[in-house]
Amino acid sequence: MANVRDYLKKRKERKEGQTRISYREKIRSHKFMIFYRTVLVILLAVGVSAALYIQWKNKVYAENTVVFSTEVRIAQDATLMPFAGHLLTYSKDGAGCMDIKGNAVWNQTFEMQNPIVDVCNDVVAIGDYNGRTIYVMNTSGIMGSITTNRPVRDFCVADNGVVAVVLDDKDATWIYLYDSQGKELVYFRTTMKDSGYPVSVSISPSGELACVSYLFVDSGQMKSSVAFYNFGPVGKNNVNNYVSGYDYLNSIVPFTSFLDNSSIFAVSDDRIMFYSGAQKPTVVAEKLLSDEVQGVYYGDEYVGLVVNSTQSGNRYRMDVYHRSGELQVSIEFDIDFRDILFREDQIIIYNESECRIYNSNGTEKYSGDFHKSVLLLIPQSSKRKFMVVTPDSIDTIELK
């Protein structure tokens, strides 16, 4: 009897063990099946996304249609500028901001003889050359105003409202930093003997770095110096917050600008220079120019230099550089342009009657005419939509 019981007990244990093993196998198989299905779904989603991206990347638009239009009255003496997807207008009597539907967002009255305007993202500063007041606004309204104790020669604004101002004095030039409320943050004095005359000043979007191009004469030779000033913790222990700089013999550097907080470029009469660094910028690339530059245009990622073309049938060539300093592409075109806009991967060339759009590889994405005479073209959040300002309306057009 004992042997029979032992046999039945062992037989039961074997069955229970087989049942447990079989149950574990089913769980393991189920987990593997879920894993494989998940991987398959991910691969399928990536494939579809890649296909849609390639289709979008290679899409060429044939026409534009007006999807919205509203009547507006633009003063004849007003200057128009794109402003963070809005329309900025200004004259000697004041400035105003309109949205895409032509609604007035804000208006600011003033009296100026020669208005200077600088825009950084959704912040604008407006002041008078040789005046003493600078107004700072964003797309919501006025942020504040700055009153200086010396005549204004130049200024630039950061996207936090900080303004770097070049002020004239009898024997020196002062560079001040103010916040949007007019509070002095830092300042330093420059002279022709020590550093030269400031030809161009630019400030990083964060307001922490400033770049100043000086022109001076050294031992009878003309020189330019591109100097960087850090107003954060790194630069506060340096004399005048100076952290780095580069000299250029027999060269004038009339243009400097930040592409972002750590990428800067400068254009002289014979070269383009690229710098990098959020604390102490250093030169990363320098390209000599053989043609006279007709215009400088840029966005967040790219810089375009327009020169006269030597190719038959084209009047202009634009050499497009990546912010690393590498030449990205050269685009030949034949239209007289009112403006050239860089927006992400789009390069937009237009005048009052026609428009060309290229991607960063130089592929033409759109070529067509406008339905009305265009004063200003402003890209919107969608790459297919644009705000078009005409003498009597604001239209929204869509590429198709």
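Preceding this paragraph is the structure being described.
Residues numbered from 1 in each chain as written. Predicted model: local features only at pLDDT ≥ 70, side-chain atom pairs only at ≥ 80, totals over all residues. Heavy atoms only, no water.

Another point: the overall build of the protein. Along the protein, the regular secondary structure elements total one helix and 32 strands. Per-residue burial over the protein gives 46% buried out of 400 residues. Looking at the protein as shown, the accessible area adds up to about 21,100 Å², and 49% of this sits on carbon and sulfur atoms. (Helix = DSSP H or I, 4+ residues; strand = E, 2+ residues; numbered from the N terminus. Buried < 20%, exposed > 50% of the residue type's maximum accessible area, 1.4 Å probe, protein only. Areas by Shrake-Rupley, 256 points an atom, 1.4 Å probe, with all protein chains shown as cover.)

What follows covers the layout of surface pockets. Think of a ball as big as a water molecule: rolled over the atoms, this probe shows where empty space is left. Within this model, the largest pocket holds a volume of roughly 1,700 Å³. For the lining of the largest pocket, the elements supplying multiple residues, two or more each, are strand 2 (79-83), strand 6 (115-120), strand 10 (152-157), strand 14 (197-203), strand 18 (255-258), strand 22 (293-298), strand 26 (339-343) and strand 30 (376-379). Split into classes, the residues belonging to the lining of the largest pocket amount to 31 nonpolar, nine polar and nine charged. As a volume, the second largest pocket reaches approximately 340 Å³. Together, 20 residues line the second largest pocket, and Asp-194, Ser-195, Gly-196, Tyr-214 and Tyr-229 are the ones closest to its centre. For the lining of the second largest pocket, the secondary structure elements donating two or more residues are strand 13 (184-190), strand 15 (209-218), strand 16 (221-230) and strand 17 (242-249). (1 Å grid on protein atoms, 1.4 Å probe; cavity = no way out; pocket = protein on both sides within 12 Å on 5 of 7 lines; lining within 4 Å. Points joined across faces, edges and corners; volume = space filled by probe spheres on them. Nonpolar A, V, L, I, M, F, W, Y, C, P; charged D, E, K, R; others polar.)

Let's shift gears to the sheet that holds strand 12 (residues 173-178). With respect to topology, four strands assemble into an open sheet ordered 10-11-12-13, the strand pairing being antiparallel. The open sheet has two edge strands, strand 10 and strand 13, and neither has a second partner. Adjacent strand axes in the sheet meet at a mean angle of 15° when their direction is disregarded. For strand 10 and strand 11 (residues 163-168), the ladder comprises five bridges, and the chain directions are antiparallel. (Pairing = 2+ DSSP bridges. Axes fitted to C-alpha atoms, helices over the stretch in contact; angles between N-to-C directions.)

Glancing now at a nonpolar patch on the surface. Taken together, the side chains of Met-192, Tyr-197 and Val-199 define a hydrophobic patch exposed on the protein surface, amounting to about 250 Å² of accessible area. Within the secondary structure, Tyr-197 sits in strand 14. (Patch = residues over 30% accessible without salt bridge, like charges linked within 9 Å, V, L, I, M, F, W, Y side chains within 5 Å. Salt bridge = Lys/Arg side-chain N within 4 Å of Asp/Glu carboxyl O.)

Turning to its location among the elements, Tyr-321 is positioned in strand 24 (residues 316-322). Classification of Tyr-321 by relative accessible area gives buried; the value is 6%. The spatial distance from the C-alpha of Tyr-321 to the C-alpha of Tyr-302 is 5.6 Å, given a sequence separation of 19 residues. What Tyr-321 contacts, discounting residues up to four positions off in sequence, is Ile-272, Phe-274, Lys-287, Leu-289, Glu-301, Tyr-302, Val-303, Leu-305, Glu-326, Leu-327 and Gln-328. (Contact = heavy atoms within 4.5 Å.)

Moving on: the side chain of Arg-153. Note on placement: Arg-153 falls in strand 10. Of the polar contacts made by the side chain of Arg-153, one reaches the side chain of Asn-130; its length is 2.4 Å. At 2.8 Å, the side chain of Arg-153 and the side chain of Asp-168 are in polar contact. (Polar contact = N/O pair within 3.5 Å; in protein donor to acceptor, adjacent residues only side chain to side chain.)

Our focus in this paragraph is the sheet that holds strand 8 (residues 133-138). The antiparallel open sheet is built from four strands, whose spatial order is 6-7-8-9. The outermost strands of the open sheet, each flanked by one partner alone, are strand 6 and strand 9 (142-147). Pairs of neighbouring strands in the sheet enclose a mean axial angle of 15°, with direction left out of account. Both strand 7 (residues 123-128) and strand 8 contribute to a ladder of five bridges, which runs antiparallel. For Val-124, the partnering residue across the bridge sits in strand 8 and is Met-137.

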